[in-house]
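Next come the chains, spelled out residue by residue.
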Amino acid sequence: MSEYLDDDMIVCRCEEVTVGEIRAAVRDGAKDVVGVKRRTRAGMGLCQGRTCEKMVMAIIASELGKKTDQVGTSSARPPVRPLTFGELADAEVI
Amino acid sequence: MEKFYDIVVIGAGAIGSSVAYHLQEAGFSVALLEKKDVASGSSSHCDAVGLICDKLPGIDTKMGQASIDYFGVLAKKFKYDFEYNPKGCLYICETKPEFDAASEYCAKQNADGYPLRMVRTKELTEMEPYIAKDLYGALYTPSSGSVAVNPYKLCFAFVHEAKELGLDCYTYCNISKINTNAETNAVESIETNYGTFHTKKIVDCAGVWAPEIGKLVGIDIPIEPRKGTNLVSEQTPQLCFHKILEYGYMMSKFDSINFKRAVSPLVEEQNIAFNLEYTMAHNLLVGGNRLFRGMDTRSEIETMKAICERAMRFYPKLRDIKCIRAYSGVRPFVKDHLPIVSDVDSVPGFYIAAGHEGDGICFSPITGKFVKQIICGEPTDFDISKLDYARFEKSKAMAS
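Residues numbered from 1 in each chain as written. Chains lettered and ligands numbered in written order. Predicted model: local features only at pLDDT ≥ 70, side-chain atom pairs only at ≥ 80, totals over all residues.

1. Here we look at the overall build of chain B
For chain B, the helix and strand inventory stands at eleven helices and 21 strands. Since a compact globule built from 400 residues should have a radius of gyration of about 21 Å, the 21 Å found for chain B is in line with a globular shape. With the C-alpha coordinates of chain B rotated into their principal frame, the extents come out at 65 × 45 × 40 Å. When the 400 residues of chain B are sorted by exposure, 54% land in the buried category. In chain B, the share of contacts with a sequence separation of at least 24, taken over all contacts with a separation of at least 6, comes to 76%. (Helix = DSSP H or I, 4+ residues; strand = E, 2+ residues; numbered from the N terminus. Rg over C-alpha atoms; globule rule 2.2 N^0.38 Å. Buried ≥ 20, exposed ≤ 12 C-beta atoms within 10 Å, placed from the backbone. Contact = placed C-beta atoms within 7 Å.)

2. Some details on the confidence of the model for chain B
Scored by pLDDT, chain B comes out at a mean of 95, with 96% of its residues at no less than 70. Listed scores for the predicted complex are pTM 0.95 and ipTM 0.93. (pLDDT = per-residue confidence, 0-100.)

3. A word on the domain arrangement of chain B
Residue and element names in this part refer to chain B. Domain annotation of chain B identifies domain 1 (2-44 + 152-223 + 336-399) and domain 2 (91-141 + 224-333). For domain 1 and domain 2, the distance between their C-alpha centres works out to 31 Å. On the side of domain 2, ten residues touch domain 1, which itself brings eleven residues to the contact. (Domains from an automatic or database assignment.)

4. Quick notes on the interface of chain A and chain B
Taken together, the contact between chain A and chain B spans 19 residues of the former and 27 residues of the latter. If you list the elements that add at least two residues to the side of chain A that touches chain B, you get α2 (33-40), β3 (83-84) and α4 (85-90) of chain A. If one sorts the elements of the side of chain A that touches chain B by residue count, α4 of chain A sits on top with four residues. Of the residues in the side of chain A that touches chain B, the class split is ten nonpolar, five polar and four charged. Pairing of β3 of chain A with strand β19 (residues 322-333) of chain B, which is carried by two bridges, proceeds in the antiparallel orientation. Across the sheet, residue Leu 83 of chain A finds its bridge partner in β19 of chain B, namely Cys 323 of chain B. (Nonpolar A, V, L, I, M, F, W, Y, C, P; charged D, E, K, R; others polar. Pairing = 2+ DSSP bridges.)

Here it is, written out as structure tokens:
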């Protein structure tokens, strides 16, 4: 269904990245979520792609004629949710 | 499936992208082969600066300054914006002994004509209003010797500009074999999933993966992966106004500088050297450390905790700022802390531009230019014989 989306629709709200920018990143050579992320910042914001990643995957898959499970995910990196530097330093178990 | 190029460059990180750009610009037909995507290795798992003040006096600093000057030229020349941002750098000295050691370093660099200077607590806190007030001073480098760039955008910029000039870039390219001449051992072709690339010249710019390529032509490239970790903050108002590092960073980078800090066992064990950068996207990058962990780039919780502890010592306000991500990457480490930018006597047509450890981004412009000069048979801008691959052969011979 993502082929019906307008280019100016915002997909990544944290970084204000549009459908058109994601499509342009794929045309530039991005073949997966991480490649799109580096070219557009989609998924680099406060939510780290929690909200938009599935939509980003759908757009990449649609552009490349692949299935959504063939376009990767962002790398799994801590922390699982935002923590202050103080909480991180002080916590005994994370 | 048969392809013909004057030169094949392997690796599309900062070094390979720059080398490919410079060779394409010189008029060669060039193919850039990359195992994954452009900027998918160390060049997107690093921080964002080019400095002279983290270099040893001599050729190390000279290359840094030449590259920093060159970044300014490229920023004007390129259409693709790599977020070139000249800004000064402060090397924080927590104590008087650190300040004294930094003063000695400063004097050496001044003697070579670099305008570094020492600042004391009062001036430091004026320059950096959110920094801890009990620090002894700092080594200041003006923006002429300190720039920020976006490292992965730098790679995209080189590739984009080179493509405009005719570069062919092959991503997700697996190299299975390099064929050399049976008599002369000269480079002849590369076999890949894109078919066979016929070429007389190969430049190995694969960073920590450069030894894998070296093996394909039977040579040993002494590069080891050295891990580093950075934390990314949420977007914040501007917390720092310079590139910030602690003087202990030098200690961590060059084990020859033997200087003991009063830090916790965790910070010591994790080999933490605080550095802080405010990016154009308004996030803070907070680092960092140097550890040998093979190719393991997972973010370790103990490292993260140690970075937080050390960072809050210098910027107490960080306590209430949120960390949204940690990332780790591996630097291509060479024992003598100098990159390898060189031809290889035993394999005619095979060149190496790799092993820049934590300086790959900073050194990428000048390295591209040097490789172009070496391949064209031109004199290099200055003597880089210290970067010759033959130095390892010599030290092997001496050892045996």
